Amino acid sequence: MTPNPVPGVTKRHAVAIDCEMGGTQDGHPELLQLVAVDYHTGEVLINSLVNPARKITMLHTESSGITKRDLYEAIITGNVLDGWQGARNLLYNYIDADTILIGHALKHDLDALRMIHTKVVDPQVIGKRISKANRVLSLKTLAKDLLQLDIQNDKIRGHHCLEDTLAVRAVVHWIINNPEPFGVWTEKILEEEAVRRARDEVIKEQQIAASRKAKMLQQANDEAKKPPPFIPPPVKKNKNKGTVFFADESEHECNPDYDHEAEMQPKYFEAAEAALPSESEEEEGYYEDQEPYIQAAEDSGVECTEDWDWGESGQQL
């Protein structure tokens, strides 16, 4: 929390601030520059680069306006603040808990300074609440529409921290002193927002319709590439010969002159051979069948020979 007022110590009534940050390895922004301007007088209280407390992986020069050379020279000459703690402590020399802080998208600046401050004025929030628009109004848009002031035009450095701080001070000052024109402007924003939403809905519907059409065309192309289903020809029974069933249970139509016997004998032989036991299986099965006769012969003391007639002699036994 920002320090409470101290009796006998006078701090600034309102201060406009802006911060520039760089990227770190863990994704959290780190403070690189702090600018503070007295809202009432326009006096520049702070305009200094900050020696980052953590290693910077991205300077974001296109938006921060800070180059590697700028930061290196400032650190070499000692013309920097010592991390976010040094920057915040210097700011505390000018503000306390009763000071009004002014800034555009001020939440990010307070996060970079690790500060909690309750008295703030943010033109981005004001415009969003009054216009009830979902879009975020940039400082460049506010300055252009309300003040006819062009800022952030540097193609290389993008933003200038001091320029942005002075611009946000001027925008807030204009809103406070021109409530009626600001109301007209917010109505304009509402109309533009309604047109934008309607346009977005039309585009969305067109995209959905185009997607459906493309899907239907794709399905039609896929169906066209599929082979036609196989439909077997109808079976016509021959009145003379009828239908012939082969050993493999397949059904064929034939003409009256068809030689079934000559054609079917190989198929019958193949089927019969598959059903018959092998020579070894047959021999084994044969002796199993004759085992009672062999046992009876042995019990009666008859000597069995290879040419013994098992059928006739077995019956006698």
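Cut-offs applied
Residues numbered from 1 in each chain as written. Predicted model: local features only at pLDDT ≥ 70, side-chain atom pairs only at ≥ 80, totals over all residues. Heavy atoms only, no water. Helix = DSSP H or I, 4+ residues; strand = E, 2+ residues; numbered from the N terminus. Contact = heavy atoms within 4.5 Å. Areas by Shrake-Rupley, 256 points an atom, 1.4 Å probe, with all protein chains shown as cover. Expected span 1.5 Å × (residues − 1). Buried < 20%, exposed > 50% of the residue type's maximum accessible area, 1.4 Å probe, protein only. Salt bridge = Lys/Arg side-chain N within 4 Å of Asp/Glu carboxyl O. Core = buried A, V, L, I, M, F, W, Y, C linked by side-chain atoms within 4.5 Å. pLDDT = per-residue confidence, 0-100. Disulfide = S-S within 2.5 Å. Axes fitted to C-alpha atoms, helices over the stretch in contact; angles between N-to-C directions. Parallel < 35°, antiparallel > 145°, perpendicular 65-115°, else oblique. Left-handed = near helix turned anticlockwise from the far one by under 90°. Nonpolar A, V, L, I, M, F, W, Y, C, P; charged D, E, K, R; others polar. Polar contact = N/O pair within 3.5 Å; in protein donor to acceptor, adjacent residues only side chain to side chain. Pairing = 2+ DSSP bridges.

## Some details on the overall build of the protein chain
Point 1. Check the secondary structure of the protein chain and you find 11 helices and nine strands.
Point 2. Long-range contacts, defined here as pairs at least 24 residues apart, represent 57% of the contacts in the protein chain between residues at least 6 apart.
Point 3. Here the protein chain has roughly 21500 Å² of accessible surface; of this, 53% comes from carbon and sulfur atoms.

## Notes on helix H7 (residues 161-177)
Helical geometry note: an α-helix holds 3.6 residues per turn, so side chains three or four residues apart project in the same direction.
Point 1. For H7, which comprises 17 residues, the first-to-last C-alpha distance of 25 Å matches the rise-based estimate of 24 Å (1.5 Å per residue) to within 8%.
Point 2. Where H7 is concerned, the buried positions are Cys 161, Asp 164, Thr 165, Ala 167, Val 168, Val 171, Val 172, Trp 174 and Ile 175.

## Points about the pattern of salt bridges
Point 1. By the definition in use, this model includes 11 salt bridges.
Point 2. Put simply, Glu 43 and Arg 12 hold a salt bridge, and the shortest N to O gap is 3.1 Å. One end of the pair, Glu 43, is in the loop between strand S2 (30-38) and strand S3 (44-51); the other, Arg 12, is in the segment before strand S1 (14-24), with 31 residues separating them in the sequence.
Point 3. Assessed through its relative accessible area of 38%, Glu 43 is described here as partly exposed.
Point 4. Residues joined by salt bridges that share partners form a network here, namely Asp 26, Glu 30, Arg 54 and Arg 114.

## What about the nonpolar core?
Point 1. Counting residues in hydrophobic clusters, the biggest one holds 22 residues, and the most contacted among them are Ile 17, Leu 31, Leu 91, Leu 101, Leu 113 and Met 115.
Point 2. Those elements that provide at least two residues to this core are S1, S2, S3, helix H3 (83-92) and helix H4 (106-112).
Point 3. Setting aside anything within four residues of it in sequence, one finds Leu 91 in contact with Ile 17, Leu 34, Ala 36, Ile 46, Leu 113 and Met 115.

## A closer look at the confidence of the model for the protein chain
Point 1. When pLDDT is averaged along the protein chain, the result is 79; 69% of the residues meet or exceed 70.
Point 2. Here strand S8 (residues 244-245) stands out as the element of the protein chain with the lowest mean pLDDT, 45, in contrast to strand S6 (residues 100-102), whose mean of 97 is the highest.
Point 3. Low pLDDT, under 50, characterises residues 313-317; the stretch is placed with eight contacts to residues that sit more than four places away or in other chains.

## Remarks on unusual backbone geometry
Point 1. In this structure, His 60 is a non-glycine residue whose phi angle is positive, near 55 degrees.
Point 2. With respect to the secondary-structure elements, His 60 resides in the loop between strand S4 (56-58) and helix H1 (61-64).

## What to know about the state of the cysteines
Point 1. Counted according to the given criterion, the structure contains zero disulfides.
Point 2. We note that Cys 19 lacks a disulfide partner, and the nearest cysteine sulfur, in Cys 161, lies 6.5 Å from it.
Point 3. Of the residues examined, Cys 161 reaches a relative accessible area of 3% and is grouped as buried.

## A word on the packing of helix H6 (residues 139-147) against H7
Point 1. In the contact formed by H6 and H7, the axes pass within 10 Å of each other and the chain directions differ by 50 degrees. Taken as axis vectors, H6 and H7 run oblique relative to one another. Between H6 and H7 lies a crossing of left-handed hand. Packed against H6, whose contacting residues are Leu 139, Leu 142, Ala 143, Leu 146 and Leu 147, the element H7 presents Asp 164, Ala 167, Val 168, Ala 170, Val 171, Trp 174 and Ile 175 at the interface.
Point 2. Of the residues assigned to the contact of H6 with H7, the class counts are 11 nonpolar, no polar and one charged.

## Some remarks on the side chain of Thr 24
Point 1. Relative to the elements of secondary structure, Thr 24 occurs in strand S1.
Point 2. A relative accessible area of 7% places Thr 24 in the buried class.
Point 3. A polar contact of 2.5 Å, which involves the side chain of Thr 24, links it to the backbone oxygen of His 28.
Point 4. In this structure Thr 24 touches Glu 30, Arg 54, Lys 55, Ile 56 and Thr 57, once residues within four positions along its chain are discounted.

## Structural notes on the pairing of S2
Point 1. Burial of S2 is extensive: nine of the nine residues sit out of reach of the surface.
Point 2. Note that S1 and S2 share eight bridges and pair antiparallel. Residue pairing in the sheet places Met 21 in a bridge with Leu 31 of S2.
Point 3. Following S1, the chain reverses through five residues before pairing antiparallel with S2; Gly 27 in that reversal takes a positive phi of roughly 90 degrees.
Point 4. Judged from the five bridges that link them, S2 and S3 form a sheet pairing that is antiparallel. For Val 35, the partnering residue across the bridge sits in S3 and is Asn 47.
Point 5. What sits between S2 and S3 in their antiparallel hairpin is a turn of five residues, with Gly 42 showing a positive phi close to 80 degrees.

## Notes on the side chain of Thr 67
Point 1. Inspection of the secondary structure assignment puts Thr 67 in the loop between H1 and helix H2 (68-77).
Point 2. Using a relative accessible area of 18% as the deciding quantity, one classes Thr 67 as buried.

## Re the pairing of S3
Point 1. Sheet topology note: the S3/strand S5 (residues 80-82) ladder contains three bridges and is parallel. Looking across to S5, one finds that Asn 51 is bridged to Asp 82.

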